[in-house]
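Each chain is listed here by its residues.
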Amino acid sequence: MYYAYVLISDIDGRFYTGFSEDVYKRLEQHNAGLVSSTNKRRPLSLVYFEASLNISNAVHREKYLKSTYGKRYIRTRIKNFLEIG
């Protein structure tokens with residue numbers, strides 16, 4: 001399985017979107033400072049992920065989730081989480 005995922009920074013409240021074969025291991029890497037694009041925005045929380053059977057579908061979903069419409073979709077999907085946090 002491959003996953004498109006969305007993290008939110010506890011520092012600035014901004015999203016980070018990516019894809020991985022192991023979303024929980026990738027989250028650990030982000031929070032350990034091993035990913036340069038999120039190093040200064042730690043800690044990060046996993047707020048959304050989708051499973052795909054192949055890498056091309058996961059990459060396609062990642063690209064969509066990074067778009068304006070995709071960001072709007074994510075905000076709608078996790079609205080309750082954002083209001084609590």
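The following paragraphs examine the structure supplied in this document. Predicted, not measured: the structure shown is a model, and the values here were computed from it.

Bringing the packing of helix α2 (residues 55-66) against helix α3 (residues 68-77) into the picture now. Between α2 and α3, the least distance of the axes is 4 Å, while the angle of their chain directions is 85°. The angle between α2 and α3 falls in the class roughly perpendicular. Between α2 and α3, the residues in contact are Arg61, Tyr64, Leu65 and Lys66 and Thr68, Tyr69, Gly70, Lys71, Tyr73 and Ile74, respectively. When the residues that make up the contact of α2 with α3 are grouped by side-chain class, the tally is five nonpolar, two polar and three charged.

Here the focus is the sheet that holds strand β2 (residues 15-20). Strand order in the open sheet made by the three strands is β2-β1-β3, with antiparallel pairing throughout. Where the open sheet ends on each side, the last strands, each with one partner, are β2 and β3 (44-52). Averaged over all pairs of adjacent strands, the angle between their axes in this sheet comes to 20°, without regard to strand direction. α3 contacts β1 (2-9), β2 and β3 of the sheet and is inclined by roughly 110° relative to β3.

Inspection of the secondary structure assignment puts arginine 41 in the loop between α1 (23-31) and β3. Of the residues examined, arginine 41 reaches a relative accessible area of 13% and is grouped as buried. A distance of 3.1 Å separates a polar atom in the side chain of arginine 41 from the backbone oxygen of arginine 14. Residues contacting arginine 41, with those up to four places away along its chain left out, are Ser9, Asp10, Ile11, Asp12, Arg14, Phe15 and Tyr16.

Here α2 is 12 residues long and its end C-alpha atoms lie 17 Å apart, about the 16 Å a rise of 1.5 Å per residue gives. Those residues of α2 lying buried are Ala58, Glu62 and Leu65. The buried residues of α2 occupy one face: seen down the axis, they fall within an arc of 70°. What points out from α2, more than 90 degrees from its buried face, is the exposed set His60 and Lys63.

Moving on to the pairing of β2. The buried count for β2 comes to five of six residues, which makes it a mostly enclosed element. Alignment of β1 against β2, held across six bridges, turns out to be antiparallel. Across the sheet, residue isoleucine 8 finds its bridge partner in β2, namely phenylalanine 15. Joining the antiparallel neighbours β1 and β2 is a turn of five residues, in which glycine 13 adopts a positive phi near 75°.

Calculation notes
- Residues numbered from 1 in each chain as written.
- Predicted model: local features only at pLDDT ≥ 70, side-chain atom pairs only at ≥ 80, totals over all residues.
- Heavy atoms only, no water.
- Axes fitted to C-alpha atoms, helices over the stretch in contact; angles between N-to-C directions.
- Helix = DSSP H or I, 4+ residues; strand = E, 2+ residues; numbered from the N terminus.
- Parallel < 35°, antiparallel > 145°, perpendicular 65-115°, else oblique.
- Contact = heavy atoms within 4.5 Å.
- Nonpolar A, V, L, I, M, F, W, Y, C, P; charged D, E, K, R; others polar.
- Pairing = 2+ DSSP bridges.
- Buried < 20%, exposed > 50% of the residue type's maximum accessible area, 1.4 Å probe, protein only.
- Polar contact = N/O pair within 3.5 Å; in protein donor to acceptor, adjacent residues only side chain to side chain.
- Expected span 1.5 Å × (residues − 1).
- Arc of directions from axis to C-beta.

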